[in-house]
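Each chain, written out:
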Amino acid sequence: MADENKSYFGLLNGIARCDYYGDKEMTDDFLKGELYGDMSPDDFQKLTTRCRGLIKSMAMTNMDMNQSEVFVTSQAKKKDASITETQVKVLLKFWKNHRSKIHEALLEKCSWNNQLKNTSWRIDVKSQTKTKEQVMEPTAIVELVFENRLSMGKEVDVIQFEMNSESLRKLLKSVHEIEEQIEKNSK
Amino acid sequence: MEEDVVSLLQIGRLIDVQWTLGVAVSSNTCKNINSPFVAMAVKVQDSSGKVVSKSFELSLMEFQSFSRQMKDIATVLETM
């Protein structure tokens with residue numbers, strides 16, 4: 001029995017890695033070979049389909065521990081139960097470990113815009129230019145590196161710009177406004 | 001070739017920043033997302049007058065880190 005639970009736990013973990021964390025090595029064939037070598041392909045297929053369905057349901061509404069317990073227990077009590085009483089505990093243990101990670105993975109999957117990957121900056125002081133003899137004006141040079149998760153090769157895009165104190169002041173004004181709105185809306 | 005050198009030396013100026021604060025509510029993979037995000041668009045004009053815009057999205061944590069870096073720059077600029 002203990003071994004059975006171990007295999008079930010392993011299978012759930014494998015499915016999470018394959019379906020949510022993008023681990024392409026965790027194929028069904030691999031999982032079957034490692035965990036359920038004796039099971040017929042048909043039965044294994046049914047088992048994985050049931051596991052996937054349960055995880056998907058829990059992930060879809062991001063169930064907390066109470067909700068997941070109610071959900072899984074009710075699944076075990078159904079006539080054509082997709083989960084046995086002993087598997088309930090294993091599935092809940094799995095969900096406790098993976099809930100937030102799976103939720104984060106789902107969040108990543110639905111953000112299609114550029115993500116800011118890196119910000120770097122340096123300060124230069126211009127002492128003189130061709131057009132006029134400037135007084136020592138410090139300028140910030142900023143480089144933003146973006147990544148787009150939607151593109152297969154995680155395409156990287158870069159933008160560089162300079163800011164004098166005036167344009168930095170404007171940027172910081174925007175940053176303050178955003179912070180105020182976040183504060184206001186998180187209450 | 002010469003143009004390449006010029007563009008390397010002449011970094012564009014930041015001319016505009018636009019932003020949106022939003023909350024992702026629901027998606028096909030998850031009904032309860034409820035995750036706030038900041039979307040920003042920066043406009044940069046190079047010395048020839050050409051304007052390039054880039055937009056990007058930040059989680060709250062990423063925005064906080066971005067904000068901290070911009071404030072760090074301000075601190076350094078002030079002391080110069």
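As the structure is a prediction and not an experimental result, all values here were calculated from the model.

A. Inspection of the packing of aromatic side chains at higher detail. One pass over the structure, following the stated rule, counts three aromatic pairs over all chains. Plain terms: the ring middles of F56 of chain B and F66 of chain B are 6.4 Å apart, the flat faces sit at 65 degrees to each other, and that makes the pair edge-to-face. On the criterion of sequence distance, the pair formed by F56 of chain B in strand β3 (residues 51-59) and F66 of chain B in helix α2 (residues 60-78) is long-range, its members being 10 residues apart. As far as burial versus exposure is concerned, F56 of chain B and F66 of chain B are alike and both buried. When the ring centre of F9 of chain A is taken as reference, the NZ or CZ atom of K93 of chain A above it lies at 4.6 Å.

B. Local environment of the UniProt feature "domain: COMM" (unreviewed entry) in chain B. In the numbering used here, UniProt assigns the "domain: COMM" (unreviewed entry) feature to residues 13-80 of chain B. Measuring from the first to the last C-alpha atom of residues 13-80 of chain B gives 20 Å, for a span that is 28% helix and 47% strand.

C. Spotlight on the side chain of Q115 of chain A. Residues and elements named next belong to chain A. As for its position among the elements, Q115 is in strand β1 (residues 115-126). Residue classification places Q115 among the buried positions, given a relative accessible area of 5%. In terms of polar contacts, Q115 uses its side chain to reach the backbone carbonyl oxygen of N113, at 3.3 Å.

D. Summary view of the nonpolar core. Counting residues in hydrophobic clusters, the biggest one holds 34 residues, and the most contacted among them are Y8, L91, F94 and I102 of chain A. Contributions of two or more residues to this core are made by α1 (2-19), α3 (41-60), α4 (65-77) and α5 (85-109) of chain A. If one sorts the elements of this core by residue count, α5 of chain A sits on top with nine residues. Beyond its immediate chain neighbours, meaning those up to four positions away, F94 of chain A contacts F9, L12, N13, A16, I55 and I102 of chain A. The next biggest cluster of nonpolar side chains, apart from the first, holds 28 residues, and it includes L116 and F161 of chain A together with V38 and M70 of chain B.

E. Layout of the interface of chain A and chain B. Counting residues at the interface gives 47 residues for chain A and 39 residues for chain B. Taking both sides of the interface into account, the surface hidden between chain A and chain B amounts to around 4,000 Å²; carbon and sulfur atoms contribute 72%. Broken down residue by residue, the surface that chain A buries against chain B is led by M60, W121 and I178 of chain A, which jointly contribute 15%. For the interface between chain A and chain B, the tally reads three salt bridges. For the pair chain A and chain B, the interface holds 12 residue pairs in polar contact (both at pLDDT 80 or more).

F. Structural context of the side chain of S7 of chain A. Relative to the elements of secondary structure, S7 of chain A occurs in helix α1. For S7 of chain A, the residues in contact, after removing those within four places along its chain, are L35 and Y36 of chain A.

G. Region of interest: the environment of I11 of chain B. Along the chain, I11 of chain B falls in the loop between α1 (2-9) and β1 (13-24). Once the C-alpha coordinates of I11 of chain B and S47 of chain B are considered, the two residues, 36 residues apart in sequence, prove to be 7.7 Å apart. Once residues within four sequence positions are removed from consideration, I11 of chain B is found in contact with I141, Q160, F161 and E162 of chain A.

H. How the structure looks around the domain arrangement of chain A. Each domain of chain A was delimited in the assignment, giving domain 1 (2-111) and domain 2 (114-186). Look at where the C-alpha atoms of domain 1 of chain A and domain 2 of chain A centre, and you get two points 44 Å apart.

Criteria and thresholds
Chains are numbered independently. Their residues run from 1 in the order of the written sequence. Chain A is the first chain written and ligand 1 is the first ligand written, with later ones labelled in order. Whole-chain, interface and lining totals are the exception, using all residues; otherwise, since this is a predicted model, local features are given only for residues with pLDDT of at least 70 and side-chain atom pairs are given and counted only at 80 or more. Based on all heavy atoms of the structure, the side-chain values leave hydrogens and waters out of the count. Each Phe, Tyr or Trp ring, with Trp reduced to its six-membered ring, pairs with another whose centre is within 6.5 Å; inter-plane angles below 30 degrees give stacked pairs, above 60 give edge-to-face pairs, and intermediate values give tilted ones. Counting from the N terminus, the helices are DSSP H or I runs at least four residues long and the strands are E runs at least two residues long. Only protein chains enter the accessibility calculation, which uses a 1.4 Å probe; a residue whose area is less than 20% of its type maximum is buried, one above 50% is exposed, and one in between is partly exposed. Placement of a charge over a ring requires the Lys NZ or Arg CZ to be within 6 Å of the ring centre, with the centre-to-atom vector within 35 degrees of the ring normal. UniProt positions are given in the numbering used here, feature names are shortened, and annotations may be inferred rather than shown by experiment. Within 3.5 Å is the distance limit for a polar contact, defined as a pair of N or O atoms, with the added protein rule that one can donate a hydrogen and the other accept it, and that residues adjacent in sequence qualify only through two side-chain atoms. To form a nonpolar core, buried Ala, Val, Leu, Ile, Met, Phe, Trp, Tyr and Cys residues must be joined to one another through side-chain atoms within 4.5 Å. What makes two residues a contact is simply this: any of their non-hydrogen atoms within 4.5 Å. As a working definition, buried area equals the accessible area (1.4 Å probe) given up by two parts on being put together, with both sides summed. Should a side-chain nitrogen of Lys or Arg be within 4 Å of a carboxyl oxygen of Asp or Glu, the pair is scored as a salt bridge. The source of the domain bounds is an automatic or database domain assignment.

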